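# Chain and residue survey
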Amino acid sequence: MKFTDLGLDQRILDGIDSMGYETATPVQQQVMLPILQGKDIIASAQTGTGKTAAFLLPLLHRLLTTQHAQNDINAMVIVPTRELAIQISESLEGLSYFTDVSSIAVYGGGSGDSFITEKKALTSGVDIVVCTPGRMIAHLNMGYVKLKGLRYLVLDEADRMLDMGFNDDIMKIISFLPKERQNLLFSATMPAKMRDLARKILQDPVEINIAISKPPEQIIQKAFIVYEPQKIPIIKDMLASPQYQNIIVFCSSKQQVKQLTAELKRARIQAGEIHSDLEQTVREQVLQDFRNRKLRVLVATDILSRGIDIEDIDLVINFDVPHDGEDYVHRIGRTARAASTGTAFTLVSEQEQYKLAGIERLLGQPVPKGTVPESFGPVPNYNPGDGKKKKYGGKSRPRNNQPRHK
Ligand code: AMP
């Protein structure tokens with residue numbers, strides 16, 4: 001699904017573009033429409049699935065296209081930790097960059113200055129507040145927080161908040177909010193106590209379950225942190241190893257599949273290609289040749305990452321980092337089928353590091369990093385915070401704990 005299919009405001013589409021998102025992730029596909037329709041939601045989705053944008057995008061659209069209070073808080077996002085508050089604020093700044101929507105992150109542990117800044121924003125009104133429960137209550141107890149116009153409440157990582165003992169704090173915050181509002185609850189797991197909380201807060205919610213896939217444990221995964229121009233020489237080196245006999249290389253675009261296959265053929269590597277520009281009969285023939293071992297290497301787009309069962313693949317190489325964690329799990333799951341072992345290598349350029357970080361969050365653990373032989377020259381450090389900032393072309397961005405005013 002493309003974001004343009006949802007009829008989102010152009011300023012939001014520009015923000016999506018600047019973040020480098022092309023297609024909606026599974027959670028985004030299921031969650032955005034009901035939110036746009038004004039429904040309450042209970043969604044089981046882990047961090048790493050794109051759930052932040054799944055609620056921020058429709059929220060931004062509704063703020064931009066419906067009447068709302070000008071000098072009040074319109075939406076509150078409650079999260080368990082300051083790290084998550086900061087992370088969500090950063091996503092919000094990116095996605096709302098071309099709009100006049102204002103936001104502030106409110107979390108504990110900062111300086112006295114940040115409390116004063118928060119107080120100012122909460123008193124004069126700010127469109128979206130992303131907060132941790134304790135800090136929000138500290139402000140609410142002082143009586144100046146402008147909540148009359150609040151129409152949207154998001155509880156993110158709600159199971160973690162309950163585990164951390166925030167149940168009473170959440171209920172206390174809610175007691176300050178207007179009754180007429182849209183409620184969105186996101187949680188990685190749905191224990192019984194979550195159902196109780198949902199019953200108290202949500203009205204006739206749409207329930208969404210995103211099955212979380214995990215790669216089989218017998219797959220040896222390695223990510224190689226490289227500069228983009230190093231990818232072709234490195235992949236040729238990987239393919240030269242006699243250790244691997246049946247190899248699939250995934251690329252995100254058909255253009256890249258075509259270029260890489262041509263490059264490999266020039267290097268006398270037996271490679272075939274599969275992508276949607278090819279006739280079905282041609283695709284089937286290529287697959288047949290691969291199954292019959294006439295081809296050692298198959299270069300493909302994600303059309304081959306799901307459903308197709310080819311046995312005895314001993315190596316999967318991601319020539320680029322897939323867009324979301326689900327695609328990663330599907331791609332590398334082409335190897336080590338039927339309990340055999342397999343290897344999955346991922347080549348990660350500087351601009352793709354943040355995508356790998358998202359995948360690692362989904363998997364709940366880092367992908368082990370492989371060592372690039374010195375003969376390929378120096379490689380970058382793994383520092384996933386950097387990639388996203390580059391997309392703004394050096395434009396200065398507001399700091400996440402400062403309010404962005406209209
Ligand atoms: P989240 O689950 O919200 O923490 O998101 C995980 C990562 O996926 C973040 O780095 C997001 O910027 C990124 N992301 C979210 N939506 C998309 C999308 N549609 N396409 C590509 N990346 C995305």
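A quick note: this is a predicted structure, and the numbers were derived from the prediction, not measured.

## Quick notes on the sheet that holds strand E12 (residues 315-318)
- Strand order in this open sheet of 6 strands is E8-E13-E12-E9-E11-E10, and the pairing throughout is parallel. Looking along the sheet, the strands with just one partner apiece sit at the ends: strand E8 (219-225) and strand E10 (271-274). Ignoring strand direction, the axes of neighbouring strands in this sheet form an average angle of 20°.
- Note that E12 and strand E13 (residues 342-348) share 4 bridges and pair parallel. For Leu315, the partnering residue across the bridge sits in E13 and is Thr343.
- Across the sheet, helix H10 (residues 231-240) lies against E8, strand E9 (247-250), strand E11 (297-300), E12 and E13, angled at about 165° from E13, the strand it touches most.
- On the sheet, helix H11 (residues 254-266) packs against E9, E10 and E11 and is oriented at approximately 170° with respect to E10.

## A closer look at the nonpolar core
- Of all hydrophobic cores here, the largest spans 44 residues; its most connected members are Phe55 and Ile128.
- Here the element with the most residues in this core is helix H3 (residues 51-65); it accounts for 9 residues.

## Structural notes on unusual backbone geometry
- The residue Glu157 is not glycine, and still its phi comes out positive at about 50°.
- Along the chain, Glu157 turns up in the loop between strand E5 (152-155) and helix H7 (158-163).
- In this structure, Asp204 takes a positive phi of about 45° despite not being glycine.
- Relative to the helices and strands, Asp204 is located in the loop between helix H9 (192-201) and strand E7 (206-209).
- The class for Asp204 is exposed, based on a relative accessible area of 72%.

## What about the packing of aromatic side chains?
- On inspection of all chains with the given rule, the structure shows 4 aromatic pairs.
- When the ring of Phe55 is compared with that of Phe186, the centres are 5.2 Å apart and the planes differ by 45°; the resulting orientation is tilted. In this pair, Phe55 sits in helix H3 while Phe186 sits in strand E6 (residues 182-187), placing the two residues 131 residues apart along the sequence. As far as the burial class goes, Phe55 and Phe186 line up, both buried.
- Measuring from centroid to centroid gives 5.3 Å for Tyr97 and Phe98, while their planes differ by 80°, and the two rings are edge-to-face.
- Relative accessible area serves as the criterion here: at 15%, Tyr97 is assigned to the buried category.
- Relative accessible area serves as the criterion here: at 35%, Phe98 is assigned to the partly exposed category.
- We note Lys231 situated over the ring of Phe319; from NZ or CZ to the ring centre the distance is 5.5 Å.

## A few points about the side chain of Asp9
- By the element assignment, Asp9 lies in the segment before helix H1 (10-19).
- Of the residues examined, Asp9 reaches a relative accessible area of 15% and is grouped as buried.
- Within the structure, Asp9 has its side chain in polar contact with the backbone nitrogen of Arg11 (distance 2.9 Å).
- In contact with Asp9, not counting residues within four places along its chain, are His61, Leu64 and Thr65.

## Structural notes on the environment of Ile247
- Looking at where Ile247 falls in the secondary structure, it is placed in strand E9.
- Ignoring sequence-local partners within four residues, the contact set of Ile247 consists of Leu239, Phe290, Arg296, Val297, Leu298, Asp314, Leu315 and Ile317.

## Some remarks on the side chain of Thr81
- With respect to the element layout, Thr81 can be found in the loop between strand E2 (75-78) and helix H4 (82-95).
- A relative accessible area of 13% means that Thr81 is categorised as buried.
- With sequence-adjacent residues up to four places away left out, Thr81 is seen in contact with Thr132, Arg160 and Met164.

## Points about the sheet that holds E5
- Taken in spatial order, the 7 strands line up as E3-E4-E2-E5-E6-E1-E7 in an open sheet, and their pairing is parallel. Only two strands of the sheet have a single neighbouring strand rather than two, namely strand E3 (103-106) and E7. Ignoring strand direction, the axes of neighbouring strands in this sheet form an average angle of 10°.
- Where E2 lies against E5, 4 bridges are found, and the strand directions are parallel.

## Considering the pattern of salt bridges
- Per the stated rule, a full pass over the model turns up 19 salt bridges.
- Here Asp277 ties to Lys254 by a salt bridge, and the two come within 3.2 Å at their closest N and O atoms. In this pair, Asp277 sits in the loop between E10 and helix H12 (280-291) while Lys254 sits in helix H11, placing the two residues 23 residues apart along the sequence.

The rules behind these values
Each residue is numbered by its place in its chain's sequence as written, counting from 1. Where local features are concerned, this predicted model is filtered to residues with pLDDT of at least 70; where side-chain atom pairs are given and counted, the filter is 80 or more; whole-chain, interface and lining totals use all residues. As a rule here, side-chain values come from all non-hydrogen atoms in the structure, and water together with hydrogens is ignored. When DSSP finds two or more bridges between a pair of strands, those strands are recorded as paired. Under the DSSP-based scheme used, a helix requires at least four consecutive residues in state H or I and a strand at least two consecutive residues in state E, with every element numbered from the N terminus. Every axis in this analysis is a line fitted to C-alpha atoms, fitted for helices over the stretch in contact. Angles between the N-to-C directions lie between 0 and 180 degrees. The criterion used for residue contact is that any of the two residues' heavy atoms lie within 4.5 Å. For the purposes of this section, nonpolar cores are sets of buried Ala, Val, Leu, Ile, Met, Phe, Trp, Tyr and Cys residues that join through side-chain atoms within 4.5 Å. We call a residue buried when its accessible area falls under 20% of the maximum for its residue type, exposed when it is over 50%, and partly exposed in between, using a 1.4 Å probe and counting protein chains only. By convention, a stacked pair of Phe, Tyr or Trp rings (six-membered ring in the case of Trp) has centres within 6.5 Å and planes under 30 degrees apart, an edge-to-face pair has planes over 60 apart, and any other such pair is tilted. The rule for a charge over a ring is simple: NZ of Lys or CZ of Arg within 6 Å of the ring centre, and within 35 degrees of the ring normal. Throughout this description, a polar contact denotes any pair of N or O atoms lying within 3.5 Å of each other; where both atoms belong to protein, one of them has to be capable of donating a hydrogen while the other can accept it, and for residues adjacent in sequence the pair is counted only when both atoms sit in side chains. Should a side-chain nitrogen of Lys or Arg be within 4 Å of a carboxyl oxygen of Asp or Glu, the pair is scored as a salt bridge.

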